[in-house]
Amino acid sequence: MVVPIIAGVAVAAAAYAGKYGIEAWQAFKARPPRPKFRKFYEGGFQAAMTRREAALILGVRESVAAEKVKEAHRRVMVANHPDAGGSHYLASKINEAKDMMLGKGKSSGSPF
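Rules behind the numbers
Here the residue numbers are simple positions, counted from 1 along each chain's written sequence. Residue-level local features of this predicted model are given only where pLDDT is at least 70; pairs of side-chain atoms are given and counted only at 80 or more, and the full residue set underlies all totals for whole chains, interfaces and linings. As a rule here, side-chain values cover all heavy atoms of the structure and leave hydrogens and water aside. Note on terminology: a nonpolar core comprises buried Ala, Val, Leu, Ile, Met, Phe, Trp, Tyr and Cys residues joined through side-chain atoms within 4.5 Å. Think of it in three bands: with a 1.4 Å probe and only protein chains considered, a residue is buried below 20% of the maximum accessible area for its type, exposed above 50%, and partly exposed in between. For the purposes of this entry, the term helix denotes a DSSP run of H or I that reaches at least four residues, the term strand denotes a run of E that reaches at least two, and both are numbered from the N terminus. Residue contacts are defined here by distance: any two heavy atoms, one from each residue, within 4.5 Å place the two residues in contact. Here the axes come from fitting lines to C-alpha atoms, over the contacting stretch only for helices, and the angles between their N-to-C directions go from 0 to 180 degrees. To sort the angles, those under 35 degrees are grouped as roughly parallel, those over 145 as roughly antiparallel, those from 65 to 115 as roughly perpendicular, and the leftovers as oblique. The residue classification treats Ala, Val, Leu, Ile, Met, Phe, Trp, Tyr, Cys and Pro as nonpolar and Asp, Glu, Lys and Arg as charged. All others, Gly included, are polar. Pairing of aromatic rings covers Phe, Tyr and Trp, the last through its six-membered ring, and needs centres within 6.5 Å; plane angles under 30 degrees mean stacked, over 60 mean edge-to-face, and all others mean tilted. Note on criteria: charge over ring means Lys NZ or Arg CZ within 6 Å of the ring centre, with the direction from the centre no more than 35 degrees off the ring normal. Residue count minus one, scaled by 1.5 Å, sets the expected span of a helix. Note that the arc is defined by the directions from the helix axis to the C-beta atoms.

Could you clarify how one ought to interpret the nonpolar core in this entry?
The nonpolar side chains of a soluble globular protein tend to be buried with one another. Leu58, Val60, Ile94, Ala97 and Met101 are the most contacted members of the largest nonpolar core, which totals 14 residues. Broken down by secondary-structure element, the contributors of at least two residues to this core are α2 (51–58), α3 (66–80) and α4 (88–102). Aside from chain neighbours lying at most four places away, what touches Ala97 is Met49, Ala54, Ile57 and Leu58.

Any chance you could explain the packing of α3 against α4 here in plain terms?
Each packed pair of helices is defined by two parameters, the angle between the axes and the distance between the axes. One way to put it is that α3 packs onto α4 with a least axis distance of 10 Å and a crossing angle of 180°. The orientation of α3 relative to α4 falls into the category roughly antiparallel. Here α3 contributes Ala66, Val69, Lys70, His73, Val76, Met77 and Asn80 to the contact with α4, which in turn contributes Leu90, Ala91, Ile94, Asn95, Lys98, Met101 and Leu102. Here the residues of the contact of α3 with α4 are counted per class, giving nine nonpolar, three polar and two charged.

Explanation requested: the packing of aromatic side chains in the structure shown.
The way to describe two aromatic rings as a pair is by their centre distance and the angle between their planes. According to the stated counting rule, one finds two aromatic pairs in the structure shown. Directly above the aromatic system of Phe28 lies the positively charged group of Arg31, at a separation of 4.1 Å from the ring centroid.

In this structure, what is going on with α3? I would like to understand it.
One turn of the α-helix equals 3.6 residues, which is why residues spaced by three or four share an orientation. Helix length check: α3, at 15 residues, gives a terminal C-alpha distance of 21 Å against a target of 21 Å (1.5 Å per residue), a fit within 8%. For α3, the full list of buried residues reads Val69, Ala72, His73, Val76 and Met77. For α3, the angular spread of buried residues about the axis comes to 130°, placing them on one side. In this structure, α3 carries Glu67, Arg74, Arg75, Val78 and Ala79 as exposed residues pointing more than 90 degrees from its buried face. As for α3, its buried residues are in contact with α2 and α4.

Below, the structure is given as structure tokens:
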């Protein structure tokens, strides 16, 4: 006599748990997308270096003082210098970005 009651209570509990799980899943799917903060710029380099791209490479704003550009260049080059295992291509792009931000024009003779 007690077994059918216990079985009924178990089925009811499973039904309520399933209903709650489905509602929670639907609420999870319907939530607005969160902006994902990325530390790095995704994408390749443009054919001609722009001031915007140079600022993205160095991690500074487009309108920044020359001293800040030099500090940013030094910081990025320490992490990507070819002598420390970095890429020659990235080092040339970092140097080109510094030249662009300082107004020195196009890099002279970069093989990349």
